[in-house]
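Residues per chain are reported as follows:
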Amino acid sequence: MPWDKQSCDTLGVCASHSRVRSNMMAKNSDRPIAEAQPLVWFPAAVHASGEKLDCSGFVIPQASRTYGVLGSKPYWIWGFEMRVNDRGVVIGNEAEYSRDFGKEKDEGLLGMDLLRLGLERGATAREALEVIVELLERYSQNHNANALHDARYENSFLIMDPREIWALETAGRHYAAKRVSAYHAVGNTYSIGENIDLASPDLEAHARENGWLMPYDRFDFAKAYSAPIPNLTLSTPRRRRIMQLAGMTEEHDFDTLKRIFRDHYEGELCAPRFGASSGVFPTVCRHALNADASQTAASMLVRYREGIGPVIRQAYSQPCCSVYLPAYVGLDMPEAMSRGEGAFDEKSLWWLTDRLNKIVALDYDRYAPAVHEAIRALEERIETRAAEAEDKAAALVQKGDDEGSRKILAALMEECSAAAVTLTKEQFERIRGDLRAHGVSGIMGPHRDFLQKYSDLAKMKLL
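My aim in this report is to walk through the structure given alongside it, one point at a time. (Residues numbered from 1 in each chain as written. Predicted model: local features only at pLDDT ≥ 70, side-chain atom pairs only at ≥ 80, totals over all residues. Heavy atoms only, no water.)

### Quick word on the packing of aromatic side chains
We count it as follows: Aromatic pairs are defined between Phe, Tyr and Trp rings, using the six-membered ring for Trp, whenever the two ring centres lie within 6.5 Å; interplanar angles under 30 degrees are classed as stacked, those over 60 as edge-to-face, and all others as tilted. We count a stretch as a helix when DSSP gives it H or I for four or more residues in a row; a strand needs E for two or more, and each element gets its number in order from the N terminus. Only protein chains enter the accessibility calculation, which uses a 1.4 Å probe; a residue whose area is less than 20% of its type maximum is buried, one above 50% is exposed, and one in between is partly exposed. Charge over a ring is defined by NZ of Lys or CZ of Arg lying within 6 Å of the ring centre and within 35 degrees of the ring normal.
By the definition in use, this model includes nine aromatic pairs. Ring plane angle 75 degrees and centroid distance 5.8 Å describe the contact between Phe450 and Tyr454, whose orientation is recorded as edge-to-face. Of this pair, Phe450 and Tyr454 both sit in helix α11 (residues 448–458), four residues apart, which is roughly one turn of that helix. Note on Tyr454: relative accessible area 0%, which makes it buried. An aromatic cluster of three or more residues is present, and its members are Tyr190, Trp212, Phe221 and Tyr225. When the ring centre of Phe80 is taken as reference, the NZ or CZ atom of Arg83 above it lies at 3.3 Å. The lysine or arginine in question, Arg355, covers the ring of Phe428, its NZ or CZ lying 3.8 Å from the ring centre.

### Comments concerning the pairing of strand β18 (residues 325–328)
Convention followed: A strand pair is defined by DSSP finding two or more bridges across the two strands.
Side chains Leu325 and Ala327 of β18 all project onto a buried face; the interleaved residues Pro326 and Tyr328 project onto the opposite face, where all are buried too. Summarising the sheet, strand β17 (residues 309–316) and β18 pair through four bridges and their orientation is antiparallel. The residue bridging Arg313 from the neighbouring strand is Pro326, located in β18.

### Digging into the sheet that holds strand β2 (residues 24–32)
Quick reminder of the rule: To define axes, lines are fitted to C-alpha atoms, for helices over the stretch in contact only, and angles between the resulting N-to-C directions are given on a 0 to 180 degree scale.
Overall, antiparallel pairing links the six strands, which are arranged β14-β1-β2-β16-β17-β18 in an open sheet. Looking along the sheet, the strands with just one partner apiece sit at the ends: β14 (183–186) and β18. Going from strand to strand, the sheet's axes swing by 20 degrees on average, the running direction of each strand aside. Two elements, strand β1 (residues 9–13) and β14, share four bridges in a ladder whose sense is antiparallel. Residue pairing for β14: Leu11 is matched across the bridge by Ala185.

### A word on the nonpolar core
Condition: In plain words, nonpolar cores are sets of buried Ala, Val, Leu, Ile, Met, Phe, Trp, Tyr and Cys residues tied together by side-chain atoms within 4.5 Å. The criterion used for residue contact is that any of the two residues' heavy atoms lie within 4.5 Å.
Leu11, Phe221, Tyr225, Tyr328 and Tyr454 are the most contacted members of the largest nonpolar core, which has 111 residues in total. A per-element tally of this core places helix α9 (residues 364–398) first, with 12 residues. Setting aside residues no more than four positions away along its own chain, Tyr454 makes contact with Ile33, Ala34, Gln295, Trp350, Trp351, Asp354, Lys358 and Met460.

### Section: the sheet that holds strand β11 (residues 154–160)
The sheet built from eight strands is open, its strands ordered β3-β8-β9-β10-β11-β12-β13-β15 with antiparallel pairing. For this open sheet the edge positions go to β3 (39–42) and β15 (198–199), each flanked by a neighbour on one side alone. By the bridge criterion, six bridges tie strand β12 (residues 165–171) to strand β13 (residues 174–179) in an arrangement that is antiparallel. Residue pairing for β13: Leu168 is matched across the bridge by Ala177. Of the strands in this sheet, β3, β8 (69–72), β9 (82–85), β10 (90–96) and β11 touch helix α1 (residues 111–121), which is tilted by about 160 degrees from β10. The sheet strands contacting helix α2 (residues 125–139) are β10, β11, β12, β13 and β15, and the helix crosses β12 at an angle near 10 degrees.

Here it is, written out as structure tokens:
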């Protein structure tokens with residue numbers, strides 16, 4: 001895997017380490033540039049016997065019933081980068097590369113499609129894990145994941161429900177799984193070592209037959225199966241950074257998770273050079289170094305609330321210059337939140353946010369602080385409104401008024417989405433006005449070549 005294609009980070013936090021005494025999960029989804037990732041709701045469904053399912057071009061038998069799912073998805077893929085079902089199961093996935101990578105010759109399932117299949121067919125975290133493992137063993141996981149060029153990988157998954165969190169890591173058709181205690185991060189580097197709760201029957205034997213461990217070594221999945229590729233030199237520190245930041249807080253909430261997933265190694269040896277948007281070091285909040293690199297396309301935080309179920313905060317594009325918005329399972333998303341494809345769209349909040357991120361990137365250190373302050377103020381108002389609305393919605397559920405509860409939450413999403421649209425437009429125009437006042441009429445500066453290519457690809461005018 002080229003060093004600049006690494007992507008994604010996911011963190012699970014157990015209720016014992018949560019301020020609201022709820023299991024929590026957060027993920028930054030890093031994807032190819034100019035790939036919109038809207039938030040979309042698909043209701044539960046009953047399917048006819050013998051029905052087939054097209055998973056991004058790979059066809060398998062459909063299940064008789066599927067759960068409703070809300071997820072953040074690359075616009076052209078059937079599956080999801082991160083998703084929640086109507087039973088409260090949450091999954092995020094990561095790209096991995098094992099010593100077995102490339103040996104699978106037949107086309108298989110895409111990791112994002114395995115994620116969606118686990119949610120559509122699993123009522124608990126353990127059931128979703130078993131669904132993914134069964135499909136992995138039957139069909140493998142060899143499928144292209146990139147609209148711009150061929151890119152394949154293996155997968156890790158973090159799988160959560162209100163009671164437990166599982167880390168599931170795969171290599172070819174093999175797997176290892178571990179039940180999480182305290183907190184656990186998965187990224188583009190295997191995280192499961194010697195402590196394994198579930199595994200392929202021949203997982204250790206396969207590694208020893210291939211000579212991947214010394215005869216006296218205890219079996220360590222990550223040590224045995226990790227491919228010796230340059231990717232690890234940057235993905236391993238990024239995972240360690242998330243674990244470091246997670247360990248600095250005794251009890252987490254959405255605010256602490258936002259800080260972690262907006263991180264750019266501030267204050268560290270590998271802090272950004274020439275502004276966080278330069279992409280010199282792949283940080284948790286990922287900015288592309290060039291047009292061939294990855295960038296954070298969306299960020300999702302999830303916890304549980306009695307009477308409501310999963311409570312979600314969703315940010316578009318790079319979260320450092322994006323607003324985390326409320327979202328809830330079982331409701332149609334506001335149009336601005338569920339819209340976005342392969343070219344700039346004035347009605348898409350994903351594209352409006354991405355445009356703001358790109359104009360900030362012209363001079364991050366000059367323009368980001370004011371954007372951060374505007375976002376902080378709006379998120380403070382949003383969280384106050386969300387707390388009020390969620391209290392009212394939960395109370396109505398207790399009274400048996402599910403429809404009233406849904407109306408309150410739907411109105412909240414519309415209100416917050418509209419506020420985010422207004423903020424992104426206002427901040428964009430403010431920065432563009434300042435640039436023009438300084439004689440900048442076209443894309444300039446150290447990021448000129450990348451931003452010009454990006455704007456051309458996305459058909460997005462910055463200046």
